[in-house]
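Here's the letter readout for the chains.
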Amino acid sequence: MATSTVEDYLKTILLAEGRLGGLVGMGRIADDLKVAPGTVTAMVKTLAQSGLVDYAPYSGVQLTEAGRRLALHVLRRHRLIELLLVRVLGMSWSDVHQEAEELEHAVSDLLIERIDEKLGFPSVDPHGDPIPDAQGVVTEPELTSLPVCRIGERLEVRRVGDQGVEFLRLLERLGLIPGSPITLISRDDEADTVLLENATGERVQLGIRAAAKIFVGPALIGQASS
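Now for a look at the structure at hand. (Residues numbered from 1 in each chain as written. Predicted model: local features only at pLDDT ≥ 70, side-chain atom pairs only at ≥ 80, totals over all residues. Heavy atoms only, no water.)

1. Regarding the sheet that holds strand E3 (residues 144–145)
For sheets, the rule is that strands pair by backbone hydrogen bonds, running either parallel or antiparallel. Read across the sheet, six strands follow the order E3-E8-E4-E5-E6-E7 without closing on themselves; strand pairing throughout is antiparallel. This sheet does not close on itself; its edge strands, each paired only once, are E3 and strand E7 (203–207). Relative to strand E5 (residues 181–188), strand E4 (residues 154–160) runs antiparallel, the two being bridged by three bridges. Bridge pairing in E5 places Arg154 opposite Thr183. Across the sheet, helix H7 (residues 165–174) touches E4, E7 and strand E8 (214–218), and the angle it forms with E4 is around 155°. (Pairing = 2+ DSSP bridges. Helix = DSSP H or I, 4+ residues; strand = E, 2+ residues; numbered from the N terminus. Contact = heavy atoms within 4.5 Å. Axes fitted to C-alpha atoms, helices over the stretch in contact; angles between N-to-C directions.)

2. Observations regarding the pairing of E7
Only one face of E7 is covered, namely the face carrying Val204 and Leu206; the face carrying Arg203, Gln205 and Gly207 is uncovered. As judged from the five bridges shared by strand E6 (residues 193–197) and E7, these two strands associate in the antiparallel manner. In the sheet register, Thr193 faces E7, and the bridge partner there is Gly207. Connecting E6 to the antiparallel partner E7 that follows it, the hairpin turn spans five residues, and Gly201 within it adopts a positive phi of roughly 90°. (Buried < 20%, exposed > 50% of the residue type's maximum accessible area, 1.4 Å probe, protein only.)

3. Observations regarding the pairing of E4
Looking along a regular strand, one sees side chains alternate from face to face of the sheet. In terms of residue burial, E4 counts as a mostly covered element, since six of its seven residues are buried. Where E4 lies against E8, five bridges are found, and the strand directions are antiparallel. Residue pairing in the sheet places Glu156 in a bridge with Gly217 of E8.

4. Overview of unusual backbone geometry
Leaving glycine out, the prevailing phi sign among residues is negative, and the prevailing peptide bond configuration is trans. Phi at Lys34 is positive, roughly 60°, even though this residue is not glycine. Inspection of the secondary structure puts Lys34 in the loop between helix H2 (26–33) and helix H3 (37–49). With relative accessibility at 73%, the residue Lys34 sits in the exposed group. Of note in the backbone geometry, Phe121 takes a positive phi value of approximately 55° without being a glycine.

5. Thoughts on the pattern of salt bridges
Inspection of the entire model under this criterion finds 16 salt bridges. Note that Arg77 is salt-bridged to Glu7, the shortest N-O span being 3.0 Å. Within this pair, whereas Arg77 is found in helix H4 (residues 65–87), its partner Glu7 is found in helix H1 (residues 4–20), the two being separated by 70 residues in sequence. Look at Arg77 and you get buried, because its relative accessible area is 6%. For Glu7, a relative accessible area of 7% puts it in the buried group. When the shortest N-O distance is used, the salt bridge between Glu113 and Arg76 registers 2.8 Å. Separated by 37 residues along the polypeptide, Glu113 in helix H6 (residues 109–118) and Arg76 in helix H4 bring together distant segments of the chain. Looking at Glu113, the relative accessible area reads 30%, which means it is partly exposed. When salt bridges with common partners are traced through the structure, they connect Arg79, Asp125, Asp129, Glu140 and Arg159 into a single cluster. (Salt bridge = Lys/Arg side-chain N within 4 Å of Asp/Glu carboxyl O.)

6. Brief notes about H6
Listing the buried residues of H6 in full gives Ile112, Ile115 and Asp116. Projected down its long axis, H6 shows its buried positions confined to an angular sector of 100°, all on one face. Of the exposed residues in H6, those oriented more than 90 degrees away from the buried face are Leu110 and Lys118. Residues of H6 that are buried in the fold lie against H4. (Arc of directions from axis to C-beta.)

7. Focus: the packing of H1 against H3
Between H1 and H3, whose axes approach to 11 Å, the crossing angle comes to 95°. Taken together, the axes of H1 and H3 lie roughly perpendicular to each other. Taking contact as the criterion, the partners of Thr5, Val6, Tyr9 and Leu10 in H1 are, on H3, Thr39, Val40, Met43 and Leu47. Among the residues making up the contact of H1 with H3, the classes are represented as six nonpolar, two polar and no charged. (Parallel < 35°, antiparallel > 145°, perpendicular 65-115°, else oblique. Nonpolar A, V, L, I, M, F, W, Y, C, P; charged D, E, K, R; others polar.)

8. Here's the deal with the packing of aromatic side chains
Aromatic rings considered in pairs are described by the distance between their centres and by the relative angle of their planes. Evaluation of the coordinates by the stated rule reveals zero aromatic pairs. Between Lys213 and the ring centre of Phe167, over which it is positioned, the NZ or CZ distance is 5.0 Å. (Phe/Tyr/Trp six-rings, centres within 6.5 Å; stacked < 30°, edge-to-face > 60°. Lys NZ or Arg CZ within 6 Å of the ring centre and 35° of its normal.)

Laid out in structure tokens, this is it:
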């Protein structure tokens, strides 16, 4: 049985592979886990000996098939727990990440399957991240970063790429949480800002860097005319 530390490393590598592609450097893992690079190197060597990662000294690391299966199993637990905490227990989406970090190592597979059933076999967590199914299959939806969308297009927030507490609270205040319809009103390339209209008709302005962390799809109710 994998320890919680092993699970944390594998999940971190999995997520970094998804963001960066290819080998993941020791520094990236150290930053994500907030540990010393030397600690990462020692742990990665242990994971390699266990057949969970392929390690190339001075280049980086990537998951083996066995490591990927285990990492997806942990990620499934984490995202289902986040959704349970929000949907059933009423916690804020900005507060559930750390709770799920602790609980993901403690719940049994049986409990996770009951949670999945209770929630109606959801496909995404509260932040719009896809939840791996029981077989470890992840369906990545085709989404678009908000700043590159067409002006006047009626959209729906589907996923948030930055899950820092303050950023999530900002989006909640602005009405830009997943499932919310929005319209891109204008884009100011000189000021590096976008102007949006949220579901209540309020117009809000975001910097391009912040807007780029919001991923959208077409709104179910259609599109506004430009």
